[in-house]
Amino acid sequence: MKVLAFDTSTPWLSVAILDGEKTLVSFAMDGELRHSEYLTEVIEDALKYVPFSREELDLIAVGVGPGSYTGLRISLITAKILARSLDIPVIGVSGLSAMAYVQEDGLYLPALDARRKRVYWGLYRKTGQELEVLVPDGVTAVGELDIPPEAVVLGSGYGAYPELFGDVAHRVAQVTAEAIGRYGLHSYGKRGGDNPYSLEPNYVQKTQAMREYEERNGPIEKN
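Report follows, based on the coordinates. Owing to the predicted nature of the structure, the values given are computational and were not obtained by experimental measurement. (Residues numbered from 1 in each chain as written. Predicted model: local features only at pLDDT ≥ 70, side-chain atom pairs only at ≥ 80, totals over all residues. Heavy atoms only, no water.)

**Re helix α6 (residues 177-191)**
Logical step 1: Here α6 contains 15 residues, and its C-alpha end-to-end distance of 20 Å stays within 8% of the 21 Å for a straight helix at 1.5 Å per residue.
Logical step 2: Of all the residues in α6, the buried ones are A177, A179, I180, G181, Y183, G184, L185, H186 and S187.
Logical step 3: The secondary structure elements touched by the buried residues of α6 are β1 (2-7), β2 (12-19), β4 (59-63), β5 (90-93), α3 (95-101) and β8 (130-141).
Logical step 4: Trailing α6 by a residue or two, G192 shows a phi angle of about 80°, which is positive. (Helix = DSSP H or I, 4+ residues; strand = E, 2+ residues; numbered from the N terminus. Expected span 1.5 Å × (residues − 1). Buried < 20%, exposed > 50% of the residue type's maximum accessible area, 1.4 Å probe, protein only. Contact = heavy atoms within 4.5 Å.)

Below is the structure:
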């Protein structure tokens, strides 16, 4: 399958095109959170480097977070527009799960900086081509993490708060479109695509505006 993958959940904008397990092109740039200005342009540039047109794509794999609220909205809107216009399936992929999936076998705790001494994190076990979710993606203060001694910490969370993580095994890693594409292709083979109308970002926490609203007015009741 020919897969277009992209992610804008972090300050880095990443786009990749894969043909099955083979990565044909992979771009990454520090978008300074100006993803709305660059994403479509980078996708168009990436398509110039592959021997087929956008109409020959088979799948859109998009990072659904957790991460930047604005970045996630941009990715999801772009993915839905492309999937509908090309009439191909779309699959949403957790950036944390993708980080763990491209590692060798082992226990991994991907952790991305969520600011204010907090991290987006999850706990995964990679075995062969399978990835087991032991703790679903969430957001937690670094000091409250219970890190298994055999786990390897991945991502920007450790780099932001090394003194809070302490003496743990860690590895430099980031969310990439290539990883999103590889895990997206694997997941599509197991469960098919997502409904493009109901696919939503995985924020795992309320926006700052929502928190401030509820501080003033109380929690919003759900029907």
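**Here we look at the packing of aromatic side chains**
Logical step 1: Per the counting criterion, the structure on display carries four aromatic pairs.
Logical step 2: Centre to centre, the rings of Y69 and Y203 are 4.8 Å apart; their planes meet at 55°, and the pair counts as tilted. Remark: Y203 occurs in the loop between α6 and α7 (208-217) and Y69 occurs in helix α2 (residues 69-86); sequence separation between them is 134 residues.
Logical step 3: When its relative accessible area of 17% is taken as the criterion, Y69 is described as buried.
Logical step 4: Since its relative accessible area comes to 22%, Y203 is described here as partly exposed.
Logical step 5: Ring centres 5.7 Å apart and planes at 45° place the aromatic pair Y158 and F165 in the tilted group. Across the pair, F165 and Y158 agree in class, each one buried.
Logical step 6: One cation-aromatic arrangement involves K126 over Y101; the distance from NZ or CZ to the ring centre is 5.0 Å. (Phe/Tyr/Trp six-rings, centres within 6.5 Å; stacked < 30°, edge-to-face > 60°. Lys NZ or Arg CZ within 6 Å of the ring centre and 35° of its normal.)

**With respect to the pairing of strand β3 (residues 22-30)**
Logical step 1: Where β2 and β3 come together, eight bridges link them in antiparallel fashion. The residue of β3 that forms the bridge with S14 is A28.
Logical step 2: Taken together, β2 and the strand that follows it, β3, pair antiparallel across an intervening segment of two residues, in which G20 is found at a positive phi of about 65°. (Pairing = 2+ DSSP bridges.)

**Quick notes on the pattern of salt bridges**
Logical step 1: Tallied over the full model, the rule gives six salt bridges.
Logical step 2: Taking the shortest distance from any N to any O, the salt bridge between E104 and R171 comes out at 3.2 Å. Taken together, the residues E104 in the loop between α3 and β6 (106-115) and R171 in strand β10 (residues 170-171) connect sequence positions 67 residues apart.
Logical step 3: On the accessibility criterion, R171 (30% relative accessible area) is partly exposed.
Logical step 4: Of the charged contacts in the structure, one is a salt bridge between R191 and D194, with a shortest N-O distance of 2.8 Å. (Salt bridge = Lys/Arg side-chain N within 4 Å of Asp/Glu carboxyl O.)

**Digging into the sheet that holds strand β7 (residues 118-127)**
The pairing of strands in a sheet comes from backbone hydrogen bonds and takes either a parallel or an antiparallel form.
Logical step 1: The strand order β8-β7-β6-β9-β10 describes an open sheet built from five strands, whose pairing is mixed. Two strands close off the open sheet at either side, each with one partner strand: β8 and β10.
Logical step 2: Bridge count between strand β9 (residues 152-154) and β10: two bridges; the pairing is parallel. Looking at β10, one finds that V153 is bridged to H170.

**A few points about the packing of helix α1 (residues 35-47) against α2**
Logical step 1: Relative to each other, α1 and α2 sit at 35°, their axes nearing to 10 Å. Two packed elements cross with a definite hand, and for α1 against α2 that hand is right-handed. Two secondary-structure elements touch here, α1 through H35, S36, L39 and I43 and α2 through G71, I74, S75, T78 and L82.
Logical step 2: For the contact of α1 with α2, the per-class residue count stands at four nonpolar, five polar and no charged. (Axes fitted to C-alpha atoms, helices over the stretch in contact; angles between N-to-C directions. Left-handed = near helix turned anticlockwise from the far one by under 90°. Nonpolar A, V, L, I, M, F, W, Y, C, P; charged D, E, K, R; others polar.)

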